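# Reading the structure
As a plain string of letters, each chain reads:
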Amino acid sequence: MWNNRMLLTGLLLCVAVASGAQSAFNMISRNRNISASNYCIYPDSVEPPMTEAPRGKKPFYISHYGRHGSRYLSNRKGYDIPYRILTKADSLGKLTPTGKQVLQDLRMILNDSEGRWGDLTGLGKRQSRDIARRMMTHFPEVFEGCANIDARSTTVNRCILSMGSAMQQMKALNPALNISMKASKADLWYMNYQDTLLRKSMETPATQEAYKKFCAKRIKNPRLMNLLFNDPEYVKEVDEEWLNYYVLKTALIQQNTKMGGKSNLLDLFTFEDLHRFWQRENAWWYFTYGPSPLNGGKQPFTQRFLLRKMIADADSCIRLPKPGVQLRYGHETVVLPLTCLLGINGFDSQIMDLEQLEPSGWWACLVFPMASNIQIIFYRSSPKDQNVLVKVLLNEKEVRLPLPDALAPYYHWKDFRDYYLKKLNAYEE
């Protein structure tokens, strides 16, 4: 029975991945904004179903790490590059009417963003509130009475405000909550640790060559150049690769701001353009923060201190009769490698050929949209129950882990703890 169950599970996963591999272009065709990679807005329009907990088990503790909500572009470089290229062309009379309109849109977006670089937007605040509300709705037992909420953030403003927005929502729903908030450099060793040695090994000659080859047929866009410029000879002087890249990136991040409905930049691009951009971004994130064998497959271990801290905190909390919730607010550069380190839904897959990322189902956009989050929900029948179970949610959806799955998506805490501590210890040794 056990072997048959595992075989069936494996087959279902293979079918899911295979069918998903055919739909990346279709996914973008249905929603252009999904091509934005880490600029995607949070997918909260449909609440996924939840698997009923094993008999007698109730949630009693939540451990969480989440990215800040929607933000403005973090610096003006991404806007300056296309703006300066088009401003120069305009001064020389080289822009078409469409090119002039694009320049006008860029100027409008640049003016709106000035002084707000990296700031949380109104949408970002709403995302954090909504996630907090749903967490309380799905797991009300954890938030009963004077439950303790320990919320921590990195020292970046957008993360602090995301934390504050979530706490405001929780307090509004239950004024009795005992909420503690903290944003300190003292916590950055695990909240936003970026290993210097691993970062240096991120872009090896092998990764650079593979990425250059992968992008070679995906970087230029002659159709866009014809739309923007009235002189084919002048186009030869333009940095076509970066103009195409940054105009599209500028267009895609506006879904996070109030300018999303005021600009038509995204209409410049076909679904094929968007798909190629998505492929480039997906490949870049794979070898920089994913388990790419091209640079040793170790990048996810940048989050080893966070995972070890989450395990240690849980060991302490489950000894308490009513531990409450631990919330941590940070960045996508933590959410993605942590997802890979945990092996959530096969995101620990080591794929040598970048062309195989998409058909293999390794899609970073599914992991780290704005406000992305990992929630570990703990279950037991009573404070005396030693058989603690856990369920992991990625962006509020139940996931599979590389653990014995007889109860999946529920797993024994002992199996979870032993498996990941062994993995962390093996790396450190």
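Note that the structure is predicted; figures quoted are calculated from it, not measured.

A pair of packed helices is characterised by two quantities: the angle between their axes and the separation of those axes. Between helix α14 (residues 304–317) and helix α15 (residues 332–342), the shortest axis-to-axis distance is 10 Å and the interhelical angle comes to 70 degrees. Classed by the angle they form, the pair α14 and α15 counts as roughly perpendicular. Considering how the two elements wind past one another, α14 and α15 form a crossing that is right-handed. Packed against α14, whose contacting residues are Arg304, Leu306, Leu307 and Met310, the element α15 presents Val334, Leu338, Leu341 and Leu342 at the interface. Its residues assigned to classes, the contact of α14 with α15 comprises seven nonpolar, no polar and one charged.

By volume, the second largest pocket amounts to about 700 Å³. Looking at the second largest pocket, it is lined by 31 residues, and the ones nearest its centre are Tyr39, Tyr245, Lys249, Trp284 and Trp285. Listed by contribution, the elements that provide at least two residues to the lining of the second largest pocket are α3 (77–91), α9 (205–215), α12 (240–253), α13 (271–289) and α15. Take the lining of the second largest pocket: its biggest share by element is six residues, from α12.

It is worth spelling out the nonpolar core at this point. With 56 residues, the main nonpolar core has Trp362, Phe378, Leu401, Trp413 and Phe416 as its most contacted residues. When residues of this core are assigned to their parent elements, the largest contribution, seven residues, is made by α15. Ignoring sequence-local partners within four residues, the contact set of Leu401 consists of Leu342, Gly343, Ile344, Val392, Tyr411, Phe416 and Tyr420. Ranked by size, the runner-up nonpolar core spans 43 residues in total, among them Leu73, Tyr79, Leu86 and Leu224.

A few words on the packing of aromatic side chains. A full pass over the atoms with the stated rule returns 25 aromatic pairs. Measuring from ring centre to ring centre gives 4.9 Å for Tyr193 and Phe305, while their planes differ by 70 degrees; the resulting arrangement is edge-to-face. Of the two residues, Tyr193 is situated in the loop between α7 (188–191) and α8 (196–200) and Phe305 in helix α14; the sequence distance between them amounts to 112 residues. The exposure class of Phe305 is partly exposed, given its relative accessible area of 25%. A connected cluster of aromatic rings, assembled from ring pairs, spans Phe60, Tyr61, Phe378, Trp413, Phe416, Tyr419 and Tyr420. Over the ring of Phe305 we find Arg304, and its NZ or CZ is 4.7 Å from the ring centre.

We now examine the pattern of salt bridges. Evaluated as defined, the whole model comprises 31 salt bridges. In this structure, Asp195 engages Arg304 in a salt bridge whose closest nitrogen and oxygen atoms are separated by 2.8 Å. Highlighted residues: Asp195 in the loop between α7 and α8 and Arg304 in helix α14, separated in sequence by 109 residues. Comparing Asp195 with Arg304, the two get one shared label, buried. Arg400 serves as the salt-bridge partner of Asp405, at 3.3 Å between the closest nitrogen and oxygen. Residue classification places Arg400 among the partly exposed residues on the basis of a relative accessible area of 30%. Linked by salt bridges that have partners in common, Asp44, Arg126, Asp130 and Arg133 make up one network.

This part covers the packing of α12 against α13. Following both chains from N to C, one finds α12 and α13 inclined at 95 degrees, their axes separated by 11 Å at the closest point. Relative to α13, the element α12 lies roughly perpendicular. Of α13, the residues touching α12 (which contributes Glu241, Tyr245, Leu248, Lys249 and Leu252) are Asp273, Leu274, Phe277, Arg280 and Glu281. Looking at the contact of α12 with α13, its residues break down into five nonpolar, no polar and five charged.

Before going further, it helps to spend a moment on the pairing of strand β3 (residues 178–183). Bridge analysis of strand β2 (residues 148–153) against β3 gives six bridges, and the strand direction is parallel. In the sheet register, Ser153 faces β3, and the bridge partner there is Ala183. Taken together, β2, helix α6 (residues 157–173) and β3 constitute a β-α-β crossover, and its handedness is right-handed.

As a further point, take the environment of Arg328. Examined against the element boundaries, Arg328 turns out to sit in strand β4 (residues 324–330). Take Arg328: its relative accessible area is 2%, and that puts it in the buried class. Sequence separation of Arg328 and His64 is 264 residues, and the distance between their C-alpha atoms is 5.9 Å. Residue contacts for Arg328: discarding those within four places in its chain leaves Ser63, His64, Tyr65, Gly66, Arg152, Tyr190, Met191, Leu306, Met310 and Asp313.

Cis geometry is adopted by the peptide bond preceding Pro409, which originates at Ala408 and carries an omega value of 10 degrees. In the Ramachandran plot, Ala371 falls in the positive-phi region, its phi being about 70 degrees despite a non-glycine side chain. Take Ala371: it is sitting in the loop between α16 (357–360) and β5 (373–380). The residue Asn395 is not glycine, and still its phi comes out positive at about 55 degrees. Relative to the assigned elements, Asn395 resides in the loop between β6 (389–394) and β7 (397–398).

This next bit is on the environment of Leu294. Position of Leu294 relative to the elements: it lies in the loop between α13 and α14. Judged by relative accessible area, Leu294 falls into the buried class, the value being 17%. Each C-alpha atom, one on Leu294 and one on Thr207, is 5.6 Å from the other, the two residues being 87 residues apart in sequence. In this structure, Leu294 is in contact with Thr204, Ala206, Thr207, Ala210 and Met352, ignoring residues within four places of it in sequence.

Rules used in this analysis
- Residues numbered from 1 in each chain as written.
- Predicted model: local features only at pLDDT ≥ 70, side-chain atom pairs only at ≥ 80, totals over all residues.
- Heavy atoms only, no water.
- Axes fitted to C-alpha atoms, helices over the stretch in contact; angles between N-to-C directions.
- Helix = DSSP H or I, 4+ residues; strand = E, 2+ residues; numbered from the N terminus.
- Parallel < 35°, antiparallel > 145°, perpendicular 65-115°, else oblique.
- Left-handed = near helix turned anticlockwise from the far one by under 90°.
- Contact = heavy atoms within 4.5 Å.
- Nonpolar A, V, L, I, M, F, W, Y, C, P; charged D, E, K, R; others polar.
- 1 Å grid on protein atoms, 1.4 Å probe; cavity = no way out; pocket = protein on both sides within 12 Å on 5 of 7 lines; lining within 4 Å.
- Points joined across faces, edges and corners; volume = space filled by probe spheres on them.
- Core = buried A, V, L, I, M, F, W, Y, C linked by side-chain atoms within 4.5 Å.
- Buried < 20%, exposed > 50% of the residue type's maximum accessible area, 1.4 Å probe, protein only.
- Phe/Tyr/Trp six-rings, centres within 6.5 Å; stacked < 30°, edge-to-face > 60°.
- Lys NZ or Arg CZ within 6 Å of the ring centre and 35° of its normal.
- Salt bridge = Lys/Arg side-chain N within 4 Å of Asp/Glu carboxyl O.
- Pairing = 2+ DSSP bridges.
- Right-handed = clockwise from strand over helix to strand, strands pointing away.

Everything listed is a geometric property; what it means functionally is a separate question.
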